2 protein chains.
Amino acid sequence: MRVIVDAFGGDNAPLEVIKGAALAREEYKVEVALVGREGEIRRVAQENGISLDGIAILDAPDVIRMEDEPKSILKEKKNCSMAEGLRRLAAGEGDAFVSAGSTGALIMGATFLVKRIKGVSRAALAALMPGDKGPFMLIDSGANVECRPEMLLQFAHMGSIYMSSVLGGGKPARVGLMNVGTEDTKGGELQHTAFALLKESGLTFVGNVEARDVPDNVADVVVADGFTGNVFLKTMEGTADIVMRNIKGLFLTNLRTKIAALLVKPYLKGFKKKMDTSEYGGAPLLGVSKPVIKTHGNSKAPAVKNAIRVAADFAAKGVIDQIAAAVRPAEKADRPEQQQG
Amino acid sequence: MRVIVDAFGGDNAPLEVIKGAALAREEYKVEVALVGREGEIRRVAQENGISLDGIAILDAPDVIRMEDEPKSILKEKKNCSMAEGLRRLAAGEGDAFVSAGSTGALIMGATFLVKRIKGVSRAALAALMPGDKGPFMLIDSGANVECRPEMLLQFAHMGSIYMSSVLGGGKPARVGLMNVGTEDTKGGELQHTAFALLKESGLTFVGNVEARDVPDNVADVVVADGFTGNVFLKTMEGTADIVMRNIKGLFLTNLRTKIAALLVKPYLKGFKKKMDTSEYGGAPLLGVSKPVIKTHGNSKAPAVKNAIRVAADFAAKGVIDQIAAAVRPAEKADRPEQQQG
């Protein structure tokens, strides 16, 4: 098992990525290959006393940045660390790829350099979000702004397989359709058709779910078009942030509240950890023919380490093969016609 | 100024509605008419020692419930308190209408019994939401699941007029378009076209806004289709709820945290009040030819009182006339052609 890691992706690259790779190598004994400017990787590792023993380095001269157009990964930036990592993955030089770099570029690069699984119409970004009772998956969380109902059905299959295999210990994942009410008839045309498809899908479909109940784990996999999914994800982030900021401000009011803060501080940490998605290792990009994981742009070493563990798991659990098998019937290519009576 | 109030709308009707009406009557000297089963209103008022002095009662025999189909307000339930209140409003027997009952029925009833303002293509529910620095408006928050770009432009005009007149002291309201990024080109077809229309609208358009930044008051009026708006609203509610529930649970851990809770308790109240939208009196239904306000289904007397105050303000500030003037140019009916040079 070998995980290729984009050493120049994210706000804290390359130092935190190199640190995270070294931690993963040590803790999980997984083989790691860092992709990016070799000289700089060696220099930063040496300056910070990080051992690169057992870590391969795949040289790539360029870096793609947040402000670069996603499609530049195929053109001007085709020699960036992200593109090189994806090419190496496609060539079989690794079993999975992790990057904290530009989401748009990663989707574009993975789709064109690694290719989609046969039968998958669009790759989807499957965010793992903090629910009250554990993580839930939101698919699509932003890769596809406009979706057809059949795409939502594929997202449901892909998300269900990932959640069941990687996080659920094989237990079937409960799939819900994000909607404006729980009644079967809620939503617009997209939801009506997707609902009918999901009902017939053979998945553990729990029906429409409301955004209000989603953080309460009413479903393990929440299916949405990428626009709605992205709004949901960012609203959750923004709201949690504002509530926590206000609570923090309130604790700083005066001596009395500062004493209260000292008293609850150790317990607040547990809650913060619960809300921290970096534990889950980032968002898998599902529908691509090899395991690709997007970690948060602000990932520090522990988040990178977790992403490498999850990427190895993603590869080991045969998720890609299962997705390929699940989407194949849609083609109706290699299925012989059933004989009547 | 006379505000008609649906005495049988919401989870706490009729008691809390009657109480709220009496409070508003006393505090704001506004004329109030309660609509609903007269006998029951008089009995509940008497049993609870609430004076109905100066409060008119408009009898209506039936009640529409949350589980009733919205369209039943025009058919089986046409004699419910909500329908009767809307008819009295349309007939000029009051200047504004307040209900905590079914949102769907209220939109349906207001649209068909009170009618839309000439030139308005759809009425929109304009929720007032708690931002970090004060309320912001989310329009549409759920009345229209599928929208055309021109509808979003009208929502922007209507919301802007309301926020500026009723809450902004005449100061222009900053309008933002809910999107998945702040760049001009973000989103799908709906957002692209709406963006172009808003840019040319003459409104104080601040461009695309991300859900993450919306609770931070990046705009006073946030425009969205009703599906996206509803998901945003419910995600904000659900997330705030889960965070507060966890913080509360954390304070109950042991003696140490319970002491901390006692110390911060008085300060938590201020924050809770900030997050409590009942202060703003509910959501105006904009685009209807008379002021209609929807208050939260769980409204208690103070929320009803506030809604009556806001409804009176809505009527007094000439919002409807301003909206009528703003949408009229779209018809190009009574505007003489400008002479060239």
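Residues numbered from 1 in each chain as written. Chains lettered and ligands numbered in written order. Predicted model: local features only at pLDDT ≥ 70, side-chain atom pairs only at ≥ 80, totals over all residues. Heavy atoms only, no water.

Points about the relation of the copies chain A and chain B
Here is step 1 of the chain: Overlaying chain A with chain B gives an RMSD of 0.0 Å, the required rotation being 180 degrees about an axis along which the chain moves by 0.0 Å. What the rotation and shift describe, once combined, is the action of a two-fold rotation axis. Closest to the rotation axis within chain A is the C-alpha of A260(A), separated from it by 2.1 Å.
Here is step 2 of the chain: Interface overlap between copies: 100% of the residues of chain A at the interface are likewise at the interface in chain B, consistent with a symmetric, same-surface contact. (Least-squares fit on C-alpha atoms with pLDDT ≥ 70 in both. Contact = heavy atoms within 4.5 Å.)

Some points on the confidence of the model for chain A
All names here are of chain A.
Here is step 1 of the chain: Overall, the predicted model of chain A reaches an average pLDDT of 93, with 96% of residues at or above 70.
Here is step 2 of the chain: Segment residues 330-341: pLDDT under 50, and four contacts once partners within four positions in sequence are set aside and those in other chains are kept.
Here is step 3 of the chain: The complex model carries a pTM of 0.92, and its ipTM stands at 0.91. (pLDDT = per-residue confidence, 0-100.)

Here's the deal with the sheet that holds strand β9 (residues 221-223) of chain B
All names here are of chain B.
Here is step 1 of the chain: The 11 strands lie next to each other as β3-β2-β1-β4-β11-β10-β5-β6-β9-β7-β8, forming an open sheet whose pairing is mixed. Of all strands in the sheet, those with a lone pairing partner are β3 (55-59) and β8 (204-210), marking the two edges. Each adjacent strand pair in this sheet contributes to an overall mean axis angle of 30 degrees, direction not counted.
Here is step 2 of the chain: Inspection of the sheet shows strand β7 (residues 174-179) paired to β9 by three bridges, in the parallel sense. (Pairing = 2+ DSSP bridges. Helix = DSSP H or I, 4+ residues; strand = E, 2+ residues; numbered from the N terminus. Axes fitted to C-alpha atoms, helices over the stretch in contact; angles between N-to-C directions.)

Considering the pattern of salt bridges
Here is step 1 of the chain: Tallied over the entire structure, the rule returns 42 salt bridges over all chains.
Here is step 2 of the chain: We note a salt bridge from E38(A) to R42(A), for which the minimum N-O separation is 3.0 Å. Note that E38(A) and R42(A) are positioned in helix α2 (residues 38-47) at a spacing of four residues, about one turn of the helix.
Here is step 3 of the chain: By relative accessible area, which is 28% here, E38(A) ends up partly exposed.
Here is step 4 of the chain: Under the relative-accessibility criterion, R42(A) is labelled partly exposed at 43%.
Here is step 5 of the chain: In this structure, D241(A) and R245(A) form a salt bridge, with 3.2 Å as the shortest nitrogen-oxygen distance. Residue D241(A) and its partner R245(A) are located together in helix α7 (residues 226-251), separated by four residues, close to a single helical turn.
Here is step 6 of the chain: Given a relative accessible area of 36%, R245(A) falls into the partly exposed group.
Here is step 7 of the chain: Put simply, D132(A), K133(A), D216(A), K274(A), D241(B) and R245(B) are held in one network by salt bridges that share partners. (Salt bridge = Lys/Arg side-chain N within 4 Å of Asp/Glu carboxyl O. Buried < 20%, exposed > 50% of the residue type's maximum accessible area, 1.4 Å probe, protein only.)

A short note on the environment of I259(A)
Here is step 1 of the chain: With respect to the secondary-structure elements, I259(A) resides in helix α8 (residues 255-275).
Here is step 2 of the chain: Along the backbone, I259(A) and V98(A) are 161 residues apart, and their C-alpha atoms lie at a distance of 43 Å.

Side note on the environment of Q322(B)
Residue and element names in this part refer to chain B.
Here is step 1 of the chain: Topologically, Q322 is positioned in helix α10 (residues 319-327).
Here is step 2 of the chain: On the basis of relative accessibility, which here comes to 34%, the residue Q322 falls in the partly exposed class.
Here is step 3 of the chain: In this structure, the C-alpha to C-alpha distance between Q322 and S165, residues 157 residues apart in sequence, is 9.5 Å.
Here is step 4 of the chain: At a separation of 3.1 Å, a polar atom in the side chain of Q322 contacts the side chain of S165. (Polar contact = N/O pair within 3.5 Å; in protein donor to acceptor, adjacent residues only side chain to side chain.)

Details of the side chain of N217(A)
Here is step 1 of the chain: Looking at the element boundaries, N217(A) is found in the loop between β8 (204-210) and β9 (221-223).
Here is step 2 of the chain: Here N217(A) is in contact with G131(A), D132(A), K133(A), G134(A), P135(A), F136(A) and R174(A), once residues within four sequence places are set aside.

A closer look at the packing of helix α7 (residues 226-251) of chain B against helix α8 (residues 255-275) of chain B
Residue and element names in this part refer to chain B.
Here is step 1 of the chain: It is the contact of α7 with α8, at a shortest axis distance of 10 Å, that shows an interaxial angle of 160 degrees. With respect to α8, the axis of α7 lies roughly antiparallel. Between α7 and α8 lies a crossing of left-handed hand. Contacts between α7 and α8 involve A240, M244, L250 and F251 on the former and, on the latter, T257, K258, A260, A261, V264, L268, F271 and M275.
Here is step 2 of the chain: Residues belonging to the contact of α7 with α8 are distributed by class as follows: 10 nonpolar, one polar and one charged. (Parallel < 35°, antiparallel > 145°, perpendicular 65-115°, else oblique. Left-handed = near helix turned anticlockwise from the far one by under 90°. Nonpolar A, V, L, I, M, F, W, Y, C, P; charged D, E, K, R; others polar.)

Overview of the sheet that holds strand β1 (residues 2-6) of chain A
Residues and elements named next belong to chain A.
Here is step 1 of the chain: Pairing is mixed across the open sheet formed by 11 strands, whose spatial order is β3-β2-β1-β4-β11-β10-β5-β6-β9-β7-β8. Two strands bound the open sheet, and with one partner strand each, they are β3 (55-59) and β8. When the angles between neighbouring strand axes are averaged without regard to direction, this sheet yields 30 degrees.
Here is step 2 of the chain: The pairing of β1 with strand β2 (residues 31-36) spans five bridges and is classified as parallel. Within β2, the residue paired with R2 across the bridge is E31.

Quick look at a positive patch on the surface
Residue and element names in this part refer to chain A.
Here is step 1 of the chain: On the surface, K248, K265, K269 and K272 cluster together into a patch of positive charge.
Here is step 2 of the chain: Among the elements that take part in the positive patch, α8 stands out by supplying three residues, more than any other.
Here is step 3 of the chain: Here K248 shows up in helix α7.
Here is step 4 of the chain: Residue class for K248 comes out exposed when judged on its relative accessible area of 57%. (Patch = residues over 30% accessible without salt bridge, like charges linked within 9 Å, V, L, I, M, F, W, Y side chains within 5 Å. Areas by Shrake-Rupley, 256 points an atom, 1.4 Å probe, with all protein chains shown as cover. Lys, Arg positive; Asp, Glu negative; His and termini not counted. Charge placed at Lys NZ, Arg CZ, Asp CG, Glu CD.)

Some thoughts on the interface of chain A and chain B
Here is step 1 of the chain: Chain A puts 51 residues into the contact, and the matching count from chain B is 51 residues.
Here is step 2 of the chain: Taken together, both faces of the contact between chain A and chain B bury some 4,500 Å²; the carbon and sulfur share is 70%.
Here is step 3 of the chain: One can count eight salt bridges joining chain A with chain B.
Here is step 4 of the chain: Note that D216(A) is salt-bridged to R245(B), the shortest N-O span being 3.0 Å.
Here is step 5 of the chain: Where chain A meets chain B, there are 22 residue pairs in polar contact (both at pLDDT 80 or more).
Here is step 6 of the chain: The set of elements that each furnish at least two residues to the side of chain A that touches chain B consists of β7 (174-179), α6 (189-199), α7 and α8 of chain A. (Buried area = accessible area lost by both parts, 1.4 Å probe.)

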